Structure formats: structure tokens, C-alpha cells
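So the chains spell out like this:
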Amino acid sequence: MADNQPADSGTSRVPDRIDTSVPHSARFWNYLLGGKDNYEPDRQVGEYIKEHMPGLVDVARTSRHFLARAIRHLVLEEGIRQFLDIGTGLPTADNTHQVAQRAAADCRIVYVDNDPLVLAHARALLTSTPEGATAYIDADVRDPDAILDAAAATLDFDKPVALVLMGIMGHIEDFEVAKSLIRRLLAPLAPGSFLVHYDGTNTTEQMVAAEEEYTASGAVPYYVRSPEQIEAAFEGLELVEPGVVRLPDWRPEFEAFNGPAHVDAFGGVGRKPLP
Ligand SMILES: C[S@@+](CC[C@H](N)C(=O)[O-])C[C@H]1O[C@@H](n2cnc3c(N)ncnc32)[C@H](O)[C@@H]1O
């Protein structure tokens, strides 16, 4: 297989903005999830991680199950119909809009990522029900104003929105900067809005080594956090039970999942208080 082609290319030519010489977060993650939209450098670091640090593969798989449980909870138990999913990743089996619109067809979802390959595959994210809507914004999480401005074309900010930040804020080196970006994204959202968030954690040496190996590959770095930092990202919000926990421990009763119980990733769901 040519190094500059995805393993299974829906896109027959590589757009100019796509750098295939170093691993990219979305493509590496796609490889760990068993997808085909990745290139040789993504596969090389992915193979190394699979062999030496399988805990990161567990994070990739369990995080998608956490996403599905959290979205279903928000739609079915909290009445949420609008989602802003930043750091979406490449389309996979159960994307946010599919989970949400299966629970309520009128859900509206805005996806945001800054990876050009995710943009190239965005049409797979835009298969909305007629009652709902999906949109894709090619933007950087470090520019909340641009994201919020563009998202306002699809989402009604007078009504609650769930801000979904899954495995993305670890790409921001300084945790305080990451936290302030989350605050800025939440600021214009109506009371009763939610944050759904997780990141990889420094809870085993293997996980720290996995992230160092990934970063050493030349990819955009990812910085694992402590569980306390993940919890601090929810400051000012009311945590939904059971709080910030390892991903498999977040409402496991919602869905049978025979995955690993111990993963190095913590997350939770928090509500913006009503006045
Ligand atoms: C580890 S993947 C997680 C994908 C998906 N949210 C999931 O949980 O399966 C991180 C995603 O964040 C995106 N990303 C990284 N830095 C970003 C930035 N500064 N702005 C927007 N997206 C970013 C990457 O392109 C990638 O798709």
C-alpha cells in the first residue's frame, strides 16, 4: 500500500492540506478503533502502542461507549436536543448524531475538528434525520468565538446545549489554558446546558509512556491529566451522578459493555446551574 494513501480511501486523492508524513490524532485514533482512514505513520505508532501499551486501545474503545451512554442520558433523561461536539474525530460506527437522533429524531448536532481528513470525510457526519440537523465546522478549539459564531447558524443558544469535549483538551499543553477555553465555550450557553468531557489520565506508568511515545512520533502532542484536573474542568457545574470517574464506571447500567474495568481515562457530565 502506498504510504500516502489511507488504508481504505473514500477520498481517492489526498487534499493538499493533509500531511501524511507524521501521525495525526484523528487518524491514529481511527487506527486504534479498527478504522481504515489512516496512513503509514499513523499505523506505525498505532502498531507500537497496540503491542506495548494496549491500555491506550482500551481508552479508545471505552471512550466511544462512554460517549454513547452520556449522549443517551442527556437526550432521554435530561431532555437535551442540541450538541456541540468539538474534536469529533473521523466518522466511526456510532457518531454523536446517530446516537442522539436514535433517541430523539429532532436532535441538532454541530461537529468541529481542525483535521483536514476529518473535513474530507465530513459528509458521513452530515446524514441527519429530516426532523433534526447536523453541521460541520472546520475550526480550532483555541478559537471559541469563531466556533460559537458558526455554530449559532444551527444551534439555538437560548435553549440548552451539550458541549462535548472527548479526548481533545489533552492536546492543549497548559491545563489552565484548556480550562479557560472550556469556560469560554460554556459562557454563552443557556442555563441547564451540559459539559460532557473526558481525557486520558496519568494513572499508570504505561499510559504516561504511551502518550510520550505518541508525542515522540512527531504528532501534535497530547498531555495526559490527573483525575483531579479532569474534575477541575467541571468547576462551577453540577456533576451528574456518579461524578468524574473512570469511563467504564459512568452509569454502566445504561448499556452492557464487556470491556476492561480499569482504563486510564476519567470523565463525567456536568450541568450549568439554573439561576
Ligand atoms: C483522540 S481524538 C478523539 C476523537 C473523538 N472525540 C473520540 O472521542 O473518539 C482527538 C480529536 O481532536 C481533534 N483535535 C486536536 N486538536 C484540535 C484542535 N486544536 N482543534 C480542533 N480539533 C482538534 C483531532 O483532530 C482529533 O479528531
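Remember, predicted model here, so these are calculated numbers, not experimental data.

Engineer: Mind showing me how you'd approach the overall build of the protein chain here?
Structural biologist: Counting its secondary structure elements, the protein chain contains nine helices and eight strands. A compact globule built from 275 residues would reach a C-alpha radius of gyration of about 19 Å, and the protein chain, at 18 Å, matches this within 12%. Expressed along its principal axes, the backbone C-alpha trace of the protein chain runs to roughly 55 × 40 × 35 Å. Across the 275 residues that make up the protein chain, the buried fraction comes to 55%. A sequence separation of at least 24 residues applies to 74% of the contacts in the protein chain between residues at least 6 apart.

Engineer: I'm lost on the nonpolar core in this one. Help?
Structural biologist: The nonpolar side chains of a soluble globular protein tend to be buried with one another. Grouped together as the largest cluster of nonpolar side chains are 53 residues, with contacts concentrated most on Leu56, Phe66, Ile71, Leu74, Phe83, Val196 and Val269. The contact partners of isoleucine 71, leaving out residues within four places of it in the chain, are Phe83, Thr96, Val99, Ala100 and Val164. Formed by 32 residues, the second largest nonpolar core is a distinct cluster that contains Val112, Ala151, Phe157 and Leu237.

Engineer: Help me out: how do you make sense of unusual backbone geometry in this one?
Structural biologist: Glycine aside, the phi torsion of most residues is negative, and most peptide linkages are trans. With omega at 10°, the peptide bond leading from glutamate 241 into proline 242 counts as cis. Despite not being glycine, arginine 251 has its phi angle at roughly 45°, a positive value. Taking the relative accessible area as the measure of exposure, arginine 251 reaches 18% and is therefore buried.

Engineer: What exactly am I supposed to notice about the pairing of strand 1 (residues 82-86) here?
Structural biologist: As a general feature of sheets, a regular strand has side chains that alternate between the two faces. Across the five residues that make up strand 1, a large majority, five, are buried. Residues Gln82, Leu84 and Ile86 point to one face of strand 1 and Phe83 and Asp85 to the other, with burial holding for every one of them. Judged from the five bridges that link them, strand 1 and strand 2 (residues 108-113) form a sheet pairing that is parallel. Residue pairing for strand 2: phenylalanine 83 is matched across the bridge by isoleucine 109.

Engineer: What's the story with the side chain of threonine 88 in this structure? I'm lost.
Structural biologist: By the secondary structure assignment, threonine 88 is in the loop between strand 1 and helix 4 (96-103). Within the local environment of threonine 88, its side chain forms a polar contact with the backbone oxygen of aspartate 85, the two atoms lying 3.0 Å apart. When neighbours within four sequence positions are excluded, threonine 88 is seen to be in contact with Arg64, Tyr111, Val112, Asp113 and Leu125.

Engineer: What am I meant to see in the site of the ligand here?
Structural biologist: The ligand sits among 18 residues. The nearest are Arg64, Gly87, Asp113, Asp140 and Met166. Here an oxygen atom of the ligand sits 3.3 Å away from a polar atom, N or O, in the main chain of glycine 89. Here the ligand has 600 Å² of accessible area as a free molecule, and 96% of this is covered by the chains. The biggest single contributor to the shell around the ligand is helix 1 (residues 25-32), with three residues. Among the residues making up the shell around the ligand, the classes are represented as six nonpolar, seven polar and five charged.

Engineer: Quick question: what am I supposed to make of the pattern of salt bridges here?
Structural biologist: Pairs may arise between side chains of opposite charge once their charged atoms sit close together. One pass over the full model with this rule turns up twelve salt bridges. Between aspartate 42 and arginine 27 there is a salt bridge, and its shortest N-O distance comes to 2.8 Å. Of this pair, aspartate 42 sits in helix 2 (residues 40-52) while arginine 27 sits in helix 1, placing them 15 residues apart in sequence. Of the residues examined, aspartate 42 reaches a relative accessible area of 0% and is grouped as buried. As a salt-bridge pair, aspartate 156 and lysine 159 come within 3.8 Å of each other at their nearest N and O atoms. Through salt bridges with shared partners, one network takes in Glu78, Glu238 and Arg271.

Engineer: Which parts of the structure should I look at to understand the packing of aromatic side chains?
Structural biologist: Where two aromatic rings form a pair, the distance of their centres and the angle of their planes describe that pair. In this structure the tally under the stated criterion is three aromatic pairs. Where phenylalanine 66 meets tryptophan 250, the ring centres are 5.7 Å apart and the plane angle is 80°; that geometry is what we call edge-to-face. Of this pair, phenylalanine 66 sits in helix 3 (residues 55-78) while tryptophan 250 sits in the loop between strand 7 (245-246) and strand 8 (265-271), and the two are 184 residues apart along the sequence. Tryptophan 250 sits in the buried class, given a relative accessible area of 0%.

Engineer: What is the right way to look at the environment of phenylalanine 83 in this model?
Structural biologist: Looking at where phenylalanine 83 falls in the secondary structure, it is placed in strand 1. On the basis of relative accessible area, phenylalanine 83 is assigned to the buried category, the value being 0%. As a C-alpha pair, phenylalanine 83 and proline 160 span 77 residues in sequence and 8.9 Å in three-dimensional space.

Engineer: What am I meant to see in helix 4 here?
Structural biologist: Since the α-helix packs 3.6 residues into each turn, any two residues three or four apart lie on the same face. For helix 4, every residue scored as buried is listed here: Thr96, His97, Val99, Ala100 and Gln101. Check the buried side of helix 4 and you find it contacts helix 3, strand 1, strand 2 and strand 3 (133-138).

Engineer: Help me understand the pairing of strand 2, please; the structure alone is not making it clear to me.
Structural biologist: Summarising burial for strand 2: five of the six residues are buried, a large majority. Handedness of the crossover is the feature at issue here: the chain leaves strand 1, passes through helix 4, returns alongside strand 2, and the resulting connection is right-handed. Sheet topology note: the strand 2/strand 3 ladder contains six bridges and is parallel. Within strand 3, the residue paired with aspartate 113 across the bridge is aspartate 138.

Reading the values: rules and limits
Residues numbered from 1 in each chain as written. Predicted model: local features only at pLDDT ≥ 70, side-chain atom pairs only at ≥ 80, totals over all residues. Heavy atoms only, no water. Helix = DSSP H or I, 4+ residues; strand = E, 2+ residues; numbered from the N terminus. Rg over C-alpha atoms; globule rule 2.2 N^0.38 Å. Buried < 20%, exposed > 50% of the residue type's maximum accessible area, 1.4 Å probe, protein only. Contact = heavy atoms within 4.5 Å. Core = buried A, V, L, I, M, F, W, Y, C linked by side-chain atoms within 4.5 Å. Pairing = 2+ DSSP bridges. Polar contact = N/O pair within 3.5 Å; in protein donor to acceptor, adjacent residues only side chain to side chain. Near = heavy atom within 4 Å. Areas by Shrake-Rupley, 256 points an atom, 1.4 Å probe, with all protein chains shown as cover. Nonpolar A, V, L, I, M, F, W, Y, C, P; charged D, E, K, R; others polar. Salt bridge = Lys/Arg side-chain N within 4 Å of Asp/Glu carboxyl O. Phe/Tyr/Trp six-rings, centres within 6.5 Å; stacked < 30°, edge-to-face > 60°. Right-handed = clockwise from strand over helix to strand, strands pointing away.

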